[in-house]
Amino acid sequence: MQKNRLDTILRKIGIDIIGITKNYDIDKIYKRLVKRREKNYHTEFEFDINKRLDIESILPGWKNIISIGISYNFNIESIDAELKGRVSKSAIGRDYHLILNEKMDALIKALNEEGYEFNYFKGVDTTPLVDREIAAEAGIGFFGKNNSIINEEYGSFIFLGFIIIDIDISELWGKNRILENRCINCNLCIKSCPTNALRDNNDMDAKRCLSYLTQTKEDIPFDLREKINTLYGCDICQNVCPYNRNAIKKDEKEIIDIDLEDIIFISNKEFKRKYGDKAFSWRGKNIIRRNAVILLSKIVNKKSKDILIELLKDSSEMIRKYSIWALYMHGYLDLEAIILKASGRYLEENINELKRIEEFYVIKKGNR
Ligand code: SF4
Ligand code: SF4
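The present account deals with the structure reproduced in this document. Values in this document were obtained by computation on a predicted structure and should not be read as measured data. (Residues numbered from 1 in each chain as written. Chains lettered and ligands numbered in written order. Predicted model: local features only at pLDDT ≥ 70, side-chain atom pairs only at ≥ 80, totals over all residues. Heavy atoms only, no water.)

Right, let's talk about the overall build of the protein for a bit. Tallying secondary structure elements over the protein gives 19 helices and 10 strands in all. A globule of 368 residues ought to have a C-alpha radius of gyration of about 21 Å, and the protein, at 23 Å, matches this closely. Taking the principal axes of its C-alpha atoms as reference, the protein extends roughly 75 × 40 × 40 Å. For the protein, buried positions account for 51% of its 368 residues. Partitioning the intrachain contacts of the protein with sequence separation of at least 6 by distance along the chain shows that 77% fall at a separation of at least 24. Of the side chains in the protein, 61 bear a positive and 57 a negative charge, and the two mean positions are spaced by 3 Å. (Helix = DSSP H or I, 4+ residues; strand = E, 2+ residues; numbered from the N terminus. Rg over C-alpha atoms; globule rule 2.2 N^0.38 Å. Buried < 20%, exposed > 50% of the residue type's maximum accessible area, 1.4 Å probe, protein only. Contact = heavy atoms within 4.5 Å. Lys, Arg positive; Asp, Glu negative; His and termini not counted. Charge placed at Lys NZ, Arg CZ, Asp CG, Glu CD.)

Structure below.
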C-alpha cells in the first residue's frame, strides 16, 4: 500500500493523527512509574507496574503498535440555567472509548482489505499499558509539562488509542520517529493549576489533580473540595497551553454545562437515558451528584441552600455528608439548627459530620 492510499483511508475513517512504533520502552516506562510510586503520586485507577510493562503477554510476538489520535477540540456552548456545572471537554461528548474503538475497528478492517492479515489487541486508556508513552514513541506528539501529549497541529485535546499487531508494517509510515520535545517551558500550566498538582520536573501528583478528584469514590479532603470548580474533569492546564490556542478546531459544537438541580434529583433511569453514553457517567450517578453538591457550596443563594437542605435527608450517606459541608461553606450561623430541623432519621450522623467539619476548619484557622 502506498502512503497516499493510507492517508485517504485515514481521512475517510476520521482519524486525525496516526503513528507507529516498534518500541515499547520498558526501561524508560519502568523508571517513570517507579518514581511516581515512590512519590505517592499514583491513584487507585492505576494498574500494578509489572502489568503495565508486560506487553508480550498482551499480544505474544507483537511487532508494531499503531497509535491514533482524534481531536476533541470542538466549539463549546453553555446553557441558560441558574445553577450549572461544567464538564471537561473530553468527557461531555459521546464516550471516547466508543468513538476510538469504532475508528480502530474501521482501520483494522481497511488494513485487512488492503491485504494485511494480523492478530491484534486494541486499547483505549483502560488497559494496563501506558498509552501516552505509546503515543510519544509513535510520534503522535510530545509530553508537555501539563502531562498531556501535545501535537503541534491539534494541540493536546486529543483522544488516544492504540492497536498492537503481530506483523511489521512500519515501512508504511516511513521511519519510526519520536518528535522533538517542543514544550516551550512557559510554565503557564503549572502556574494555573489550582491544586499544585503539576510539578516543574514534568511530574504530576495525580492525587491532587481535579480530574482525578472528580472521579474518585474516596472521601475528598475538605481543602481540596474547595478547589473543585467543575462537575467532572478539569481542562485548566490544557486551556492555558499556547499549543491549544491555535490548534485545529472541530466543526462540531457541544453543550458543556449541566443543570445542577436537574442532575441532583435525576432518577437512575433518566440518568442512564440522558447520560449513559457520556464518558463522565462511568463512575455512576452519585459521584456526579456529589460533585454537583460541591459546586453548590460556591453558589450562595436561596435555591442552592434549599437544595442542600433537602439533601440532608438523601438516601446516600455521601450526598448527606457533602451537603453538610457545602452548607458549612455557605457560612450560615444557624447551621446546627438547620440540621436539627431537616435531618429526620439521619440527625445523629449529620451532627457528627458537622463536628468533623468544624474541627477541621478550627485547626486550619489555628494553623494560619
Ligand atoms: Fe491541575 Fe486541572 Fe491540570 Fe489536574 S487537570 S493538573 S487540577 S490544572
Ligand atoms: Fe509546556 Fe507551556 Fe504548554 Fe505547559 S503551558 S505544556 S509549559 S507549552
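Picking up after the structure, the text goes on.
By the secondary structure assignment, Asp95 is in the loop between helix H5 (89-92) and helix H6 (96-113). Arg94 provides the closest opposite charge to the buried, unpaired Asp95, separated from it by 8.4 Å. (Salt bridge = Lys/Arg side-chain N within 4 Å of Asp/Glu carboxyl O.)

Further remarks concern the site of ligand 2. Every residue lining ligand 2 is accounted for by Gly144, Lys145, Asn146, Ile150, Cys183, Ile184, Asn185, Cys186, Asn187, Cys189, Cys241 and Pro242. When its residues are assigned to classes, the shell around ligand 2 shows 7 nonpolar, 4 polar and 1 charged. (Near = heavy atom within 4 Å. Nonpolar A, V, L, I, M, F, W, Y, C, P; charged D, E, K, R; others polar.)

Close to ligand 1 lie Cys193, Pro194, Thr195, Ala197, Leu198, Met204, Cys209, Leu210, Cys234, Ile236 and Cys237, which account for all nearby residues. Of the residues contributing to the shell around ligand 1, the split by class is 10 nonpolar, 1 polar and no charged.

Further remarks concern the nonpolar core. Membership of the largest hydrophobic core comes to 78 residues, with the highest contact counts inside it found for Ile66, Ile68, Leu107, Ile169 and Phe280. The element best represented in this core is H6, accounting for 7 residues. Once you skip the residues sitting within four places of it in the chain, Ile66 turns out to touch Ile18, Gly19, Ile20, Leu107, Leu111, Gly161, Phe162, Ile163, Ile165, Ile169 and Trp173. Of all hydrophobic cores here, the second largest spans 14 residues; its members include Leu53, Trp62, Val130 and Phe162. (Core = buried A, V, L, I, M, F, W, Y, C linked by side-chain atoms within 4.5 Å.)

Now for the environment of Asp95. With relative accessibility at 15%, the residue Asp95 sits in the buried group. In this structure the C-alpha to C-alpha distance between Asp95 and Tyr275, which are 180 residues apart in sequence, comes to 9.7 Å. In this view, Asp95 contacts Asp277, Lys278 and Ala279; residues no more than four positions away in its chain are not counted.

Looking at the secondary structure, you find Phe121 in strand S5 (residues 120-123). Between the alpha carbons of Phe121 and Asn367 there is a distance of 53 Å; along the sequence they are 246 residues apart.

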